[in-house]
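# Survey of secondary and tertiary structure
One letter stands for each residue in the lines below.
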Amino acid sequence: MRSTSLAVFGLALSIALVACKPLDKDTGKPVDGADDAPAVAAKGGLKTEKEQVSYVIGMQIGDSLKGAKDEVDLDTLFKAVRSTLDGKEPLLTQEEAMQVMQAFSTRMQAKQMAEFEQSGKENAEHGERFLAENAGKEGVQTTASGLQYQVLSEGSGAKPKAGDTVRVHYKGTLLDGETFDDSYARGEPVEFALSQVVPGWQEGLQLMPVGSKYKLWIPGKLGYGEQGTPGGPIGPNATLVFEVELLDIVNSAE
């Protein structure tokens, strides 16, 4: 959690609270002390607008804290919320609060980095074990780089070269079978220059005549490497599995 995230959350909460207040028809400003709330239909056992809005704000607070749920004491958090709403003097000064959040942010970043590095190590080891076993399976071939492939169906067209642009259909999964990308599901093939894709794709597609369908096992070093796809489904050093159908060479570099 970052201090900026807390600031954004605080702003969103303030806006939500203002939105709950009735507006003066002439000034358009919230009317303080107006208690007459419009009747609303009950939802989820919440009978009044005040209950429903309070619950939604609580959902937003909970969602914003998910990433640090093990770092937050809810009793203390609610105590601070109530104290602030009641206008009581805070236990910490602004300077002390900033120091706390800066130290917390530094510690969380270090923790996340350690977890990321550990995940990369585990992914690399798992990938190595998998590829070593997979290499002995019927029909699986391993290149000098470590790329593994299996011919599912062999086409009779030309093979693309490094600078070519190709059209393909493909499905990409992690070793656990989770699909992270699928042009078949989208119902539309993809065009790209070989120079724009990861090394494992570049090498694998140059092995394939147009009209072929191959299965590729791409080690992390030939895929997205130590970084993976930050914020995405591919972890650091993850070994990837693709079924690739080479439909056409759209534009030859020659």
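The shown structure was predicted, so the numbers you read here are calculated from the model rather than taken from an experiment. (Residues numbered from 1 in each chain as written. Predicted model: local features only at pLDDT ≥ 70, side-chain atom pairs only at ≥ 80, totals over all residues. Heavy atoms only, no water.)

Below, the discussion takes up the packing of aromatic side chains. Evaluated as defined, the whole model comprises 6 aromatic pairs. Look at F180 and F242: their rings are 5.7 Å apart centre to centre, the planes differ by 90 degrees, and that puts the pair in the edge-to-face class. With F180 in strand β4 (residues 179–182) and F242 in strand β7 (residues 240–251), this pair connects stretches of sequence that are 62 residues apart. Pair check on accessibility: F180 and F242 agree, each one buried. Ring geometry for W201 versus F242: centroids 5.1 Å apart, planes at 80 degrees, classification edge-to-face. With W201 in helix α6 (residues 199–206) and F242 in strand β7, this residue pair connects regions lying 41 residues apart in the sequence. On the basis of relative accessibility, which here comes to 6%, the residue W201 falls in the buried class. Note on F242: relative accessible area 5%, which makes it buried. Clustering of aromatic rings is evident, with ring pairs tying together Y170, F180, F192, W201 and F242. (Phe/Tyr/Trp six-rings, centres within 6.5 Å; stacked < 30°, edge-to-face > 60°. Helix = DSSP H or I, 4+ residues; strand = E, 2+ residues; numbered from the N terminus. Buried < 20%, exposed > 50% of the residue type's maximum accessible area, 1.4 Å probe, protein only.)

Formed by 25 residues in total, the largest nonpolar core has its most connected members in V168, F192, W201, L205, F242 and V244. When contributions to this core are tallied by element, the ones reaching two or more residues are β3 (165–174), α6, β6 (213–218) and β7. Ignoring sequence-local partners within four residues, the contact set of W201 consists of V168, Y170, F192, I218, F242 and V244. (Core = buried A, V, L, I, M, F, W, Y, C linked by side-chain atoms within 4.5 Å. Contact = heavy atoms within 4.5 Å.)

Restricting attention to buried positions, one finds in α6 the residues G200, W201, G204 and L205. Mapping the buried residues of α6 onto a view down its axis gives an arc of 115 degrees, with all of them on the same face. Buried residues along α6 sit in contact with β3, β5 (190–193), β6 and β7. (Arc of directions from axis to C-beta.)

By the secondary structure assignment, D164 is in the loop between β2 (148–153) and β3. At 5.6 Å, K161 is the nearest oppositely charged side chain to D164, a buried residue that forms no salt bridge. Within the local environment of D164, its side chain forms a polar contact with the backbone nitrogen of K161, the two atoms lying 2.8 Å apart. (Lys, Arg positive; Asp, Glu negative; His and termini not counted. Salt bridge = Lys/Arg side-chain N within 4 Å of Asp/Glu carboxyl O. Polar contact = N/O pair within 3.5 Å; in protein donor to acceptor, adjacent residues only side chain to side chain.)

Another point: the side chain of H169. One can find H169 in strand β3. Exposure remark for H169: the relative accessible area of 13% places this residue in the buried category. A distance of 2.7 Å separates the side chain of H169 from the side chain of S183, its partner in a polar contact. Beyond its immediate sequence surroundings of up to four residues, H169 is in contact with S183, Y184, E188, P189, E243, V244, E245 and L247.

Here the focus is the environment of F130. When you line up the elements, F130 lands in helix α4 (residues 94–134). Overall, the relative accessible area of 24% leaves F130 in the partly exposed class. Remark: the alpha-carbon pair of F130 and T239, spanning 109 residues in sequence, is separated by 8.8 Å.

Moving on, we get to a nonpolar patch on the surface. Side chains of Y55, V56 and M59 sit close together on the surface and give an oily, nonpolar patch of about 320 Å² of accessible area. Mapped onto the elements, M59 comes out in helix α2 (residues 49–65). (Patch = residues over 30% accessible without salt bridge, like charges linked within 9 Å, V, L, I, M, F, W, Y side chains within 5 Å. Areas by Shrake-Rupley, 256 points an atom, 1.4 Å probe, with all protein chains shown as cover.)

For a regular strand, side-chain orientation follows a simple rule: the groups alternate between the two sheet faces. By the bridge criterion, 10 bridges tie β3 to β7 in an arrangement that is antiparallel. Of the residues in β7, the one forming a bridge with V166 is I249. Alignment of β6 against β7, held across 6 bridges, turns out to be antiparallel. Counterpart to K215 in the pairing with β7 is E243. (Pairing = 2+ DSSP bridges.)

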